Amino acid sequence: MLCPTLIFLDNKKNIHRQKRYSKFLTLLRYETGNACVLLKADSELSYSKVCTKFGTLLTVGESSARNVLETIGLSASDWKEFSQDVCEVAGDWIAVTQQENSFHIHLPLLSRFPLFWSESPSDTVASTSLEYLVESGAQLDLCDLTLRTLPLGPPWPFSRQTIWTGIRRLSVAERLDITGVRRQASRVWTGIVPKYDRKDIVSALANELPLTVARLCENSTHVGVDCSGGLDSTAVAYLAYSKGLKIDAYHVAPADPANEDSVWAMKGISEIGATPVISHNRSVSSFFVSSAQEQPFDPEGPFVWSAGYSHLNAVATRNRLREINVQLTGFGGDELFTPMPAQLWSCVRENKIRGLGKIRRSAKLNRVPVTNLISEALRSTPFHEAFSNCLAQNVNTYGVDLSWGVRLRPAKWITRDALNEVQKQVCHLAELEIAPLSIDRSIHQQLLSLSYEVELLRQITRNFGFGELTWRSPFLEREIVIPTLGLSSFDRLNDGRTKLLLRDVTRGIVPDTVFNRIGKGDYSRELFNAIALQRGHLRSYFSHCRLADIGIVDADKLLAAIDSGINSTDELHALQSTLETERWLRCL
């Protein structure tokens, strides 16, 4: 199920607008009779309207989700209560509550349906499609463009803005309130999650996880599955197999012979009788290539996983030929089933540390002195202070990060002027008193990472789905995420990095032998092979640099980094992101 195109208009009649939106259906009107909420007529998603105590409730999305939302809406005393009660409802949906000329747009936690909205006067107030808000002559946001050069793009809370000045997007668990010309995004979900007994969580997830996989593959008998060789994707493959689905298993063979991913991937693929689809070292020729990516211009900005272009294109093309419309992945598994960096900090706050044994093991794992780890675990720096100093270079010198996870590490070729633009945005967000996603640092880090992966899969589907194929992961669905967040930090630390929770949840579906693997495959060799191969091409490509022309990149420092031959993996990932941002600018 793909994202619908919803448009929210102001209260003015406009001939040009009527022509522009002639292919839309009117779902809600103002009291004046003018259209205000539209749905693209060719959308396959259903919608419904009911009258509640607090006005009209419009729901768009899956029928099961709509039924739950309507039940909650009919029993809620006001729209604020409704807003708080629906945040965790499973499925793909958008809800709009209307009272006279006031509208409140509700999205679920970790929604796959982003909502963009305009801060400036415009007849289009908000839309699920950014292109309907970008007017001719729109200006690029230099802060956002600078952050696009980070390996993972703009982190939260910067992801509340877009690459266009004056256009924002709803973030994790936010609601958009529209009254006249006033527009405001408000946090709905507190991030406070009750802690449950581990046995109860295992029982709930063991029941829900297979059902979630079945829902994601509804109306499909043949699916694609990414099989990296890691525990998460392997578990997803076995879950799909348990539902009687025919599987095409996609695997990218690593270049490093010491990387055992292929060995483990092929074991699982063979056991479930899936059709193996192997790409050999394709990523080596994908990194640092500017000319091979012939993608349509995306108004939302540069593609985050640009090194995956060739692989994703190959997957999408083959799936279309075989009439496969769902590609399953294991995204989100690390966040749900292994400790986050701040887990020890959270465990200390739960008063569950009774001795030095766990701290010593954690110090050994992070290769830092025990005294440094204890000092970091006892720090109580509030989120506001940590975020205000996110650009400081002397933050966290202990070699382990138990913080809020907001520190920015811009590449050395980013100019001082560009960093000043980022600092201005930091000050602006600090003045708004942006609260963390949870007062528990480890849950805050989980939600940060999960929201990134939800957005990445949405980007992949937008760019490679062609309206027919969607990338999904059961570990990013709310009915799986919410119970898992209820696991105590102590239990999560006890489970360690071998994903014992996932093993217990999938027992009887995934063989225990799958979980004998410890660690992950390393793909840094591909990076270093690629930079050696593409160094001359990059030097030529950046000889005239648009990012340098607008003051974001110091061209001399960038070329020096390309020529140095002693790049770190972090620097090479930043170089890949810089290349994709430059490519996007040249398509503008």
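Going by the structure above, here's the rest.
Read on for a plain summary of the structure. (Residues numbered from 1 in each chain as written. Predicted model: local features only at pLDDT ≥ 70, side-chain atom pairs only at ≥ 80, totals over all residues. Heavy atoms only, no water.)

### Remarks on the pairing of strand β9 (residues 124–127)
At step 1: Bridge count between strand β1 (residues 6–9) and β9: three bridges; the pairing is antiparallel. Paired with leucine 9 across the strands is threonine 124, a residue of β9.
At step 2: Bridge count between strand β8 (residues 116–118) and β9: two bridges; the pairing is antiparallel. The residue bridging tryptophan 117 from the neighbouring strand is alanine 126, located in β9.
At step 3: Where β8 folds back onto β9 in an antiparallel hairpin, the turn is made up of five residues. (Pairing = 2+ DSSP bridges. Helix = DSSP H or I, 4+ residues; strand = E, 2+ residues; numbered from the N terminus.)

### Details of the pattern of salt bridges
At step 1: Going through the model one piece at a time under the given rule, you end up with 29 salt bridges.
At step 2: Salt bridges sharing common partners tie together Glu62, Asp92, Arg112, Arg215, Arg472, Glu477 and Glu479. (Salt bridge = Lys/Arg side-chain N within 4 Å of Asp/Glu carboxyl O.)

### Concerning the sheet that holds strand β16 (residues 326–328)
Where strands meet in a sheet, backbone hydrogen bonds hold them as pairs that are either parallel or antiparallel.
At step 1: Taken in spatial order, the five strands make up an open sheet running β15-β14-β13-β16-β17, and their pairing is parallel. Taken across any chain shown, the strands that pair with only one partner, and hence form the sheet edges, are β15 (275–280) and β17 (470–472). Between one strand axis and the next, the sheet turns through 25 degrees on average, direction left out of account.
At step 2: As defined by bridge partners, strand β13 (residues 222–226) adjoins strand β14 (residues 246–253) across five bridges and the pair is classed as parallel. Bridge assignment links aspartate 226 to a residue of β14, and that residue is tyrosine 250. (Axes fitted to C-alpha atoms, helices over the stretch in contact; angles between N-to-C directions.)

### Things to note about the sheet that holds strand β2 (residues 24–29)
At step 1: The strand order across the open sheet built from six strands is β2-β3-β1-β9-β8-β10, with neighbouring strands paired in antiparallel fashion. Of all strands in the sheet, those bounded by a partner on one side alone are β2 and β10 (167–169). Averaged over all pairs of adjacent strands, the angle between strand axes in this sheet comes to 25 degrees, irrespective of strand direction.

### Regarding the pairing of strand β5 (residues 55–61)
At step 1: With six of seven residues buried, β5 lies mostly within the body of the structure.
At step 2: Bridge analysis of strand β4 (residues 46–52) against β5 gives seven bridges, and the strand direction is antiparallel. Bridged to valine 50 within β5 is leucine 57.
At step 3: As paired strands, β5 and strand β6 (residues 93–99) are joined by six bridges and run antiparallel to one another. Bridging from a neighbouring strand, glycine 61 pairs with tryptophan 93 of β6. (Buried < 20%, exposed > 50% of the residue type's maximum accessible area, 1.4 Å probe, protein only.)

### Re the environment of leucine 559
At step 1: Tracing the backbone shows leucine 559 in helix α21 (residues 555–564).
At step 2: Through-space distance from the C-alpha of leucine 559 to that of leucine 28 is 54 Å; in sequence the pair is 531 residues apart.
At step 3: With residues near it in sequence (within four places) discarded, leucine 559 still touches Arg539 and Phe542. (Contact = heavy atoms within 4.5 Å.)

### Some words on the side chain of threonine 124
At step 1: As for its placement among the helices and strands, threonine 124 is situated in strand β9.
At step 2: Given the relative accessible area of 0%, threonine 124 is considered buried.
At step 3: Side-chain polar atoms of threonine 124 contact the side chain of tyrosine 21, separated by 2.5 Å.
At step 4: Apart from residues no more than four positions distant in its own chain, threonine 124 is found in contact with Ile7, Phe8, Leu9, Arg20, Tyr21, Ser118, Tyr132 and Leu133. (Polar contact = N/O pair within 3.5 Å; in protein donor to acceptor, adjacent residues only side chain to side chain.)

### A look at helix α12 (residues 370–378)
At step 1: When α12 is considered as a whole, its buried residues turn out to be Leu373, Glu376 and Ala377. Angularly, the buried residues of α12 cover 100 degrees about the axis, an arc narrow enough to put them on a single face. Residues of α12 that are exposed and point more than 90 degrees away from the buried face comprise Thr371 and Leu378. (Arc of directions from axis to C-beta.)

### Some remarks on the environment of glutamine 423
At step 1: Structurally, glutamine 423 can be placed in helix α14 (residues 416–431).
At step 2: Looking at glutamine 423, the relative accessible area reads 27%, which means it is partly exposed.
At step 3: Separated by 33 residues in the primary sequence, glutamine 423 and cysteine 390 have C-alpha atoms spaced 8.9 Å apart.
At step 4: Setting aside residues up to four positions removed in sequence, glutamine 423 forms contacts with Ser388 and Leu391.

### Quick notes on helix α15 (residues 441–464)
At step 1: When the terminal C-alpha atoms of α15 are compared, their 35 Å separation across 24 residues agrees well with the 34 Å that a helix rising 1.5 Å per residue should span.
At step 2: In terms of residue burial, α15 counts as a mostly covered element, since 20 of its 24 residues are buried. (Expected span 1.5 Å × (residues − 1).)

### Points about the nonpolar core
At step 1: Grouped together as the largest cluster of nonpolar side chains are 117 residues, with contacts concentrated most on Phe158 and Phe288.
At step 2: Ranked by residue count, the leading element in this core is α15, at nine residues.
At step 3: Judged by nonpolar contacts, the second largest core, of 25 residues, contains Val37, Ile94, Leu176 and Ala185. (Core = buried A, V, L, I, M, F, W, Y, C linked by side-chain atoms within 4.5 Å.)

### Here's the deal with the packing of aromatic side chains
At step 1: The final tally for this structure, using the stated rule, is 17 aromatic pairs.
At step 2: One aromatic cluster is present, built from ring pairs that chain together Trp156, Phe158, Trp345, Phe383, Phe387 and Trp404.
At step 3: If you follow lysine 267 out to its NZ or CZ, it ends over the ring of tryptophan 264, 4.5 Å from the centre.
At step 4: Geometry around tyrosine 541 places arginine 586 over its ring, the cationic atom sitting 3.8 Å from the centre. (Phe/Tyr/Trp six-rings, centres within 6.5 Å; stacked < 30°, edge-to-face > 60°. Lys NZ or Arg CZ within 6 Å of the ring centre and 35° of its normal.)

### Quick look at the packing of helix α19 (residues 524–541) against helix α22 (residues 569–587)
At step 1: Running from N to C, α19 and α22 point in directions that differ by 45 degrees, and their axes come no closer than 11 Å. As summarised for this structure, α19 and α22 are arranged oblique, according to the angle between their axes. By crossing handedness, the relation of α19 to α22 is classed as left-handed. Packed against α19, whose contacting residues are Ser524, Leu527, Phe528, Ile531, Leu538 and Tyr541, the element α22 presents Thr569, Leu572, His573, Leu575, Leu579, Glu582, Arg583 and Arg586 at the interface.
At step 2: Grouping the amino acids of the contact of α19 with α22 by side-chain chemistry returns eight nonpolar, three polar and three charged. (Parallel < 35°, antiparallel > 145°, perpendicular 65-115°, else oblique. Left-handed = near helix turned anticlockwise from the far one by under 90°. Nonpolar A, V, L, I, M, F, W, Y, C, P; charged D, E, K, R; others polar.)

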